[in-house]
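# An overview of the molecular structure
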Amino acid sequence: MTEPPPARTLLLSHPSCGKHHVRGHPERPERLHVILAKLAHAFPTLPLVTQVPPATIEQLERFHTQSHVQAVIQWCGKIERCMDELEKLPDTEETKERREVLKSFEYVDVDADTTLMRYTREAALFAAGSVVEAVDAVLAKKYVNAFCAVRPPGHHAEPYKAMGFCYFNNVGIGAMHAIAVHGLKRVAIIDFDVHHGNGTQTKAETTPELLYVSTHQAPFFPYTGHTEENNSAVWNVEFAAGTSSYPFRRAFVDEVEAKIAAFRPQIILISAGFDAHKDDPLAEMNLTDDDFYWMTKRLAALAWHHCEGRIVSCLEGGYHFRALARCTELHVQALVEASLISDVTELLPMEGLQIEKPQKTNLRLVLAKGAKQKTLVLPDITIDKLRIAAKSKWQMKKSQQFRTAQGTVIADTISLLELENDTILYIA
Ligand SMILES: [Zn+2]
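Rules used in this analysis
- Residues numbered from 1 in each chain as written.
- Predicted model: local features only at pLDDT ≥ 70, side-chain atom pairs only at ≥ 80, totals over all residues.
- Pairing = 2+ DSSP bridges.
- Helix = DSSP H or I, 4+ residues; strand = E, 2+ residues; numbered from the N terminus.
- Axes fitted to C-alpha atoms, helices over the stretch in contact; angles between N-to-C directions.
- Parallel < 35°, antiparallel > 145°, perpendicular 65-115°, else oblique.
- Left-handed = near helix turned anticlockwise from the far one by under 90°.
- Contact = placed C-beta atoms within 7 Å.
- Nonpolar A, V, L, I, M, F, W, Y, C, P; charged D, E, K, R; others polar.
- Buried ≥ 20, exposed ≤ 12 C-beta atoms within 10 Å, placed from the backbone.

Let us look at the sheet that holds strand E2 (residues 48-49). Spatially, 8 strands are ordered E2-E1-E5-E10-E9-E6-E7-E8 in an open sheet, and the strand pairing comes out parallel. In this open sheet, the two edge strands, each paired with only one partner strand, are E2 and strand E8 (234-239). In terms of strand pairing, strand E6 (residues 187-191) meets strand E7 (residues 210-217) through 5 bridges, oriented parallel. Pairing of isoleucine 189 across the sheet is with tyrosine 212, part of E7.

Okay, structure coming up:
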């Protein structure tokens, strides 16, 4: 019996990435713990590098301004010195005032949801360093692709400031490294996190070697990334709250893939956020586990067509632990499968990767209010559409009104909202 060929996917992480922790914050160390546990279980033989060097100042400053890099480093240094002193001070009446001063430096807010603490610098440096290491490994052809299980995330970090849980733009730093050190002329970044990566877009706008393509919920934090901004370096695809698989996949093929293919990238970097999942508590899109697998397979095929399969993927958001762990496993599964190909000619036809239009059926709808019951048949409607309307309180267009077989309108925006409160909706 011959052994199957070893996968050529590299996993990277660093213990320090788990140390940045702000009490009560959704971007927490457990995100990494559940991912690493899941990956260790699912891919026990996959190489996992946990000792990467931290990003250097030179690497950081290819993306960020010197003043931003210094601000993060010096603020964290100050916090660290305060916490060290606090630990050594005896708990007495004489030290009370000093202890209170020191304690006030435990958390330093950058904005409403971005906070520096003792280990932020360390975690952020190793997160960015992992992406740089992954880019080196993939461009040296040691591996076909790589996934960096790191945090804090990076795509909101602007060249000149931290924001939105992000301090250093991990994927952007990896991209600038590929350009500066490996001399790449075309680096594509695809960002499927539910939030727009404003920081990455800013850099792409002034870096001719970069293409930034983002799919995200809109309008939504950080309220940037509009289709009107689209140009040769930036492509935003906006989705309304409630968007589910079919419209997402359609736009992914028509816009994301088309844009990346036309760019002919030499490497594809992924800002892999899993918060567009339907279970995610921070957003309102309705993607399923399978959508993340599908999307990664499509990107892997694209990478094989243009750049010998080269992909470096980097964790961004994803805040529902179980969904996050499952989707990351599927994402890596797709990368592993793609790594076993040795040539573009081995690409199987995109079996199972086509887009299946949701079946339209006649639904039997039972409306019950108190003792009253009414059964209605809804022709030509999809379950998805019903779910979307019920979940997101979308402003429904006239064409989306629910009608009976005879054409009577039975539910418009208002009655649907009422359905959620005192009317029970059964779908049979
Ligand atoms: Zn996000």
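That covers the picture; the talk isn't over yet.
Attention shifts here to the packing of helix H5 (residues 120-139) against helix H6 (residues 170-180). In the contact formed by H5 and H6, the axes pass within 8 Å of each other and the chain directions differ by 40°. Here H6 runs oblique to H5, going by the angle between their axes. Note on packing geometry: the crossing formed by H5 with H6 is right-handed. For the pair formed by H5 and H6, the contact residues are Ala127, Ala128, Val131, Val132, Ala134, Val135 and Leu139 on the first element and Asn170, Val171, Ile173, Gly174, His177 and Ala178 on the second. When the residues that make up the contact of H5 with H6 are grouped by side-chain class, the tally is 10 nonpolar, 3 polar and no charged.

Let's shift gears to the environment of glutamine 217. Along the chain, the position of glutamine 217 falls in strand E7. Expressed as a C-alpha distance, the spacing of glutamine 217 and phenylalanine 239, which sit 22 residues apart in the sequence, is 4.7 Å. Setting aside anything within four residues of it in sequence, one finds glutamine 217 in contact with Val194, Phe239, Ala241, Ala276, Ala283, Glu284 and Met285.

Of the consecutive residues arginine 151 and proline 152, the connecting peptide bond is found in the cis state with omega at -5°. The topology assignment puts proline 152 in the loop between strand E5 (145-148) and H6. With omega at 5°, the peptide bond leading from phenylalanine 221 into proline 222 counts as cis. As for its position among the elements, proline 222 is in the loop between E7 and E8. Of note, the phi angle at lysine 141 is positive, near 65°, even though the residue is not glycine. Turning to its location among the elements, lysine 141 is positioned in the loop between H5 and E5. Classification of lysine 141 by C-beta neighbours within 10 Å gives exposed; the count is 10. Residues other than glycine seldom take positive phi values, yet glutamate 308 does so here, at roughly 50°. Among the structural elements, glutamate 308 can be located in the loop between helix H9 (289-307) and strand E10 (311-315).

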